[in-house]
Amino acid sequence: VQLQASGGGLVQAGGSLRLSCEASGSGRPFSGYAVGWFRQAPGMEREFVAAISWSGGSTYYIDSVRGRFVISRDNAENTAYLQMNNLQPEDTAVHYCAAPEYEQPWYPTDKYVYWGQGTLVTVSS
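(A) Quick look at the sheet that holds strand 8 (residues 79-84). Sheet architecture is open: 4 strands sit in the order 1-3-8-7, paired in antiparallel fashion. Single-partner strands in this sheet number two, and they are strand 1 (2-6) and strand 7 (69-74). Strand-to-strand twist of the sheet, defined as the mean angle between neighbouring strand axes without regard to direction, takes the value 15 degrees. Two strands pair when backbone bridges link them, and strand 3 (residues 17-24) and strand 8 are joined in this way by 6 bridges, in the antiparallel orientation. If you follow L19 over to strand 8, its bridge partner there is L82.

(B) Representation of the pairing of strand 4 (residues 35-40). Where burial is concerned, most of strand 4 is hidden: 5 out of the 6 residues are buried. In terms of strand pairing, strand 4 meets strand 5 (residues 47-52) through 5 bridges, oriented antiparallel. Each bridged residue has a counterpart across the sheet, and for F38 the counterpart in strand 5 is F48. Hairpin geometry of strand 4 and strand 5 is characterised by an intervening segment of 6 residues between the two adjacent antiparallel strands and by a positive phi of about 75 degrees at G43. In this structure, strand 4 lies alongside strand 9 (residues 93-100), joined through 5 bridges in antiparallel fashion. Residue pairing for strand 9: G36 is matched across the bridge by A98.

(C) Examining the environment of S124 more closely. Position of S124 among the secondary structure elements: in strand 11 (residues 119-124). Along the primary structure S124 and V35 are separated by 89 residues, whereas in three dimensions their C-alpha atoms are 28 Å apart. Residues contacting S124, with those up to four places away along its chain left out, are L10, V11, Q12, A13 and P89.

(D) Inspection of the side chain of S20 at higher detail. With respect to the helices, strands and loops of the structure, S20 is situated in strand 3. Relative accessible area serves as the criterion here: at 17%, S20 is assigned to the buried category.

What counts as what
Residues numbered from 1 in each chain as written. Predicted model: local features only at pLDDT ≥ 70, side-chain atom pairs only at ≥ 80, totals over all residues. Heavy atoms only, no water. Pairing = 2+ DSSP bridges. Helix = DSSP H or I, 4+ residues; strand = E, 2+ residues; numbered from the N terminus. Axes fitted to C-alpha atoms, helices over the stretch in contact; angles between N-to-C directions. Buried < 20%, exposed > 50% of the residue type's maximum accessible area, 1.4 Å probe, protein only. Contact = heavy atoms within 4.5 Å.

Remember that the coordinates give geometry; whether it matters functionally is a separate question.
Here's what the structure looks like:
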């Protein structure tokens, strides 16, 4: 499966952005892939941010974004989303969407093998 992330940009602190992750190219349905969002800030390791199960019925967030970010998916549109609210300068990073192998769960996060290109989110103070 090929993944393409989009929706990044420059926003002031307290603002919002919605990232999209569009899937294509797999002979298997998008609904069989869990989706995760990761980010990498300048000079930092890439970190896991959020994930959603195949059906969308289960979601997971790291503590620093829980309550501000919402991950969702529309399997009919082959797209996953990350709604980011109340953005802060520390959210500045290149954000990536990724998926594990078909019908594998969203955890552990080191099992993600399909990656989209990143989209840059910059939050000014």
